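Understanding the architecture of this molecule
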Amino acid sequence: MYPVWVVPYLTSGLVIGLIASFHILPSHLAVGAFWFNVYLERKAYREKRPELLSFIKRYTLLILIFCFVFGSLSGVGIWYAATVSSPRGISALIHNYVWGWATEWVFFLIEVATIYVYYYTFGKVDERTHLRIGYLYAVAAWISMIIITGILAFMLTPGRWLETGRFFDGFFNPTYWPQLAARTTLMFGIAGLYALAVVATLKHAEVRREITRLAGLWGSAGLLLGGLFSAWYLKKLPPEAADFLFGGTLPYLKTLLYVAVAGWGVTLLYFLIFGLAAPRANTLFGALAVLVVLFLGIFAGEGLREGLRRPYIIAGFMYGHQVVGTDLPAKGIKSEVEELNERGYLSRLGYLPPALRHPTEENRLETGRILVAHQCANCHALTRRGVRSLPRLLEGLGMTDPEDLAGFLEGLDGYPYMPPFVGTEEERLAAGAFLSTLVNP
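A short tour of the structure in this document, coming up. Given the structure is predicted, the values throughout are model-derived calculations rather than measurements. (Residues numbered from 1 in each chain as written. Predicted model: local features only at pLDDT ≥ 70, side-chain atom pairs only at ≥ 80, totals over all residues. Heavy atoms only, no water.)

The subject of this paragraph is the overall build of the protein. The helix and strand inventory of the protein stands at 16 helices and two strands. For 441 residues, the compact-globule estimate of 2.2 N^0.38 gives 22 Å, and the C-alpha radius of gyration of the protein, at 25 Å, lies within 12% of that figure. Taken along the three principal axes of its C-alpha coordinates, the protein extends 85 × 40 × 35 Å. Taking all 441 residues of the protein together, 51% fall into the buried category. For the protein, restricting intrachain contacts to residue pairs at least 6 apart in sequence, the fraction spanning at least 24 positions comes to 71%. Total accessible area on the protein is roughly 20,100 Å²; 66% of this is exposed by carbon and sulfur atoms. Counting 37 positive and 32 negative side-chain charges, the protein places the averaged centre of each group 15 Å from the other. (Helix = DSSP H or I, 4+ residues; strand = E, 2+ residues; numbered from the N terminus. Rg over C-alpha atoms; globule rule 2.2 N^0.38 Å. Buried < 20%, exposed > 50% of the residue type's maximum accessible area, 1.4 Å probe, protein only. Contact = heavy atoms within 4.5 Å. Areas by Shrake-Rupley, 256 points an atom, 1.4 Å probe, with all protein chains shown as cover. Lys, Arg positive; Asp, Glu negative; His and termini not counted. Charge placed at Lys NZ, Arg CZ, Asp CG, Glu CD.)

Rendered as structure tokens:
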């Protein structure tokens, strides 16, 4: 076990969610935009229309700066935040998919190299060579998405990996294809919206109107197909996740779904009205405003995807508090729950001084605080203000007595979306004693 990262008010889980949601904008733009770019460039060469190239160069500069400066920063931010908030979860993913990530990095490096070559060779190499550079970038970026989607989908639906432990049994899991299809098509929607923002800055009215219509067509088609594939993804959810969403077990997930659908719908309407029906009415302000709406929709969608995995980091294998909950004979891994319930959770925290590795009368509150931080703080704020505030949740349940709270922890696994409390009887009492200080400050 590693030290825990407690983020006041926000929780470490929300920090990851915010960074990851923002990262989708540059990362999906990086994948989708270049297909639009090479389409336009090919059209410009075929129809002898050099005026289209001014948009392509401006659009490429946006991709280069936004995707490979802000996108790279947020990508590093995801790795940092995920590593410090869930080191064992990241470790499990790396041990299983190290070669997948290594392969993805090869294609990411190709992306980085080709975007610079593409941008700085405008007008300096022949048309055919320049188009080939563009296609090379577009294919490399899409392959990156193909690989990352497999790892993301694995976390919710590891499929036969739970029996075999094999790389491809987890990679090509039950939600892989619908999620890949949804991301591939939705990225054209993101790319189309950015194109509407860029084209609004052009002075050439005829070119602006023509590219606005094309961006509207690409964007609306991408969103419509993305909507269909997203519905397919929801159909493939495992029964317990579907119950969380549609059965009313976790009502906030349905709210997130509505927000995501609303973001999708507003963006689609913008494409249909300001991209196709009235392209002259498209403005930079309007496109940027819808981009904010789209971000809120993405944030809700990502929150929904993460929430469906509760109570696990890797479904059916590792709980949200990073304890392995199931035997995995194919990899020689055993559940840690029984052992930790017998020997104690604190004994596995090697960074603690020896005096804090067992609860006593003197250190009860301090050891209880450490246990609650490790097993609750990733998702719950320990303050009255904050995300899923633990004091307010416990007050809502009418629990203030230490023994009642310890009893509540004992029955925590009765809630299908909560991981069980892991530790000895003494540790559970210590955690209950600390929780009582949150509701009786």
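Here the narrative resumes, following the displayed structure.
Counting residues in each nonpolar core, the largest one holds 74 residues, and the members touching the most others are Leu29, Phe36, Phe55, Tyr59, Ile63 and Ile211. The leading source of residues in this core is helix 7 (residues 176–199), at 13 residues. Here Tyr59 is in contact with Leu29, Ala33, Phe36, Asn37, Ala191, Tyr194, Ala195 and Val198, once residues within four sequence places are set aside. Of all hydrophobic cores here, the second largest spans 44 residues; its members include Tyr345, Leu409, Leu412 and Leu438. (Core = buried A, V, L, I, M, F, W, Y, C linked by side-chain atoms within 4.5 Å.)

One way to put it is that helix 9 (residues 239–246) packs onto helix 10 (residues 251–277) with a least axis distance of 6 Å and a crossing angle of 75 degrees. With respect to each other, helix 9 and helix 10 are oriented roughly perpendicular. Packed against helix 9, whose contacting residues are Phe244, Leu245 and Phe246, the element helix 10 presents Leu253, Lys254 and Leu257 at the interface. Residue classes in the contact of helix 9 with helix 10 are distributed as five nonpolar, no polar and one charged. (Axes fitted to C-alpha atoms, helices over the stretch in contact; angles between N-to-C directions. Parallel < 35°, antiparallel > 145°, perpendicular 65-115°, else oblique. Nonpolar A, V, L, I, M, F, W, Y, C, P; charged D, E, K, R; others polar.)

A covalent bond between the sulfur atoms of two cysteines is what we call a disulfide. Considering all chains together, one arrives at zero disulfides under this definition. For the unlinked cysteine Cys379, the closest cysteine sulfur is that of Cys376, found at 9.0 Å. (Disulfide = S-S within 2.5 Å.)

With that settled, the discussion passes to the environment of Ala241. Tracing the chain through its elements places Ala241 in helix 9. Counting along the chain gives 64 residues from Ala241 to Arg305, while the straight-line C-alpha distance between them is 9.7 Å.

Turning our eyes to something else, we now look at the pattern of salt bridges. Summed over the entire model, instances satisfying the criterion amount to 18 salt bridges. A salt bridge links Lys43 to Glu210, with the shortest nitrogen-to-oxygen separation between them at 3.7 Å. Highlighted residues: Lys43 in helix 1 (residues 12–46) and Glu210 in helix 8 (residues 205–235), separated in sequence by 167 residues. The exposure class of Lys43 is buried, given its relative accessible area of 11%. Glu336 is paired through a salt bridge with Arg348; the nearest N and O atoms lie 3.2 Å apart. You can see Glu336 sitting in the loop between strand 2 (318–319) and helix 12 (337–343) and its partner Arg348 sitting in the loop between helix 12 and helix 13 (364–376), a full twelve residues away along the chain. A residue is classified by how much of its surface remains accessible, and Glu336, at 9% relative accessible area, is buried. Residue classification places Arg348 among the partly exposed residues on the basis of a relative accessible area of 26%. (Salt bridge = Lys/Arg side-chain N within 4 Å of Asp/Glu carboxyl O.)

A few words on a nonpolar patch on the surface. A surface patch of nonpolar side chains, amounting to about 430 Å² of accessible area, comprises Leu61, Ile65, Val69, Phe70 and Leu73. Note on placement: Ile65 falls in helix 2 (residues 51–85). Given the relative accessible area of 40%, Ile65 is considered partly exposed. (Patch = residues over 30% accessible without salt bridge, like charges linked within 9 Å, V, L, I, M, F, W, Y side chains within 5 Å.)

Okay, the packing of helix 7 against helix 10 next. Here helix 7 crosses helix 10 at 55 degrees, and the two axes come no closer than 11 Å. On the basis of their axis angle, the class for helix 7 and helix 10 is oblique. Handedness of the helix 7/helix 10 crossing: left-handed. Contacts between helix 7 and helix 10 involve Leu186, Gly189, Gly192, Leu193 and Leu196 from the former and Trp264, Thr267, Tyr270 and Phe271 from the latter. In the contact of helix 7 with helix 10, the residues fall into six nonpolar, three polar and no charged. (Left-handed = near helix turned anticlockwise from the far one by under 90°.)

Here Thr121 shows up in the loop between helix 3 (87–120) and helix 4 (127–156). Discounting chain neighbours no more than four positions away, the residues touching Thr121 are His130 and Ile133.

Here we come to the side chain of Arg88. Relative to the helices and strands, Arg88 is located in helix 3. A polar side-chain atom of Arg88 sits 2.8 Å from the main-chain carbonyl oxygen of Gln322. With near-sequence residues (within four places) excluded, Arg88 lies in contact with Met1, Tyr2, Met318, Gln322, Val323, Val324, Glu336 and Arg348. (Polar contact = N/O pair within 3.5 Å; in protein donor to acceptor, adjacent residues only side chain to side chain.)

Relative to the elements of secondary structure, Val261 occurs in helix 10. A residue is classified by how much of its surface remains accessible, and Val261, at 44% relative accessible area, is partly exposed. Expressed as a C-alpha distance, the spacing of Val261 and Gly227, which sit 34 residues apart in the sequence, is 8.7 Å.

With the rule as written, the count across this model stands at 38 aromatic pairs. Ring centres 4.8 Å apart and planes at 70 degrees place the aromatic pair Tyr97 and Phe167 in the edge-to-face group. A residue pair is termed long-range when its members are at least 10 positions apart, and Tyr97 in helix 3 and Phe167 in helix 6 (residues 167–171) qualify at 70 residues. Tyr97 sits in the buried class, given a relative accessible area of 0%. Overall, the relative accessible area of 26% leaves Phe167 in the partly exposed class. Taken together, a centroid distance of 5.4 Å and an interplanar angle of 70 degrees make the contact between Phe188 and Trp218 edge-to-face. (Phe/Tyr/Trp six-rings, centres within 6.5 Å; stacked < 30°, edge-to-face > 60°.)

Looking now at unusual backbone geometry. Omega for the peptide link from Arg310 to Pro311 comes to 5 degrees, which places this bond in the cis form. We note that Lys48 has phi near 55 degrees; this positive angle belongs to a residue other than glycine. Following the sequence through the fold, Lys48 ends up in the loop between helix 1 and helix 2. Even without glycine at this site, Gln322 takes up a positive phi of about 75 degrees. With respect to the secondary-structure elements, Gln322 resides in the loop between strand 2 and helix 12.

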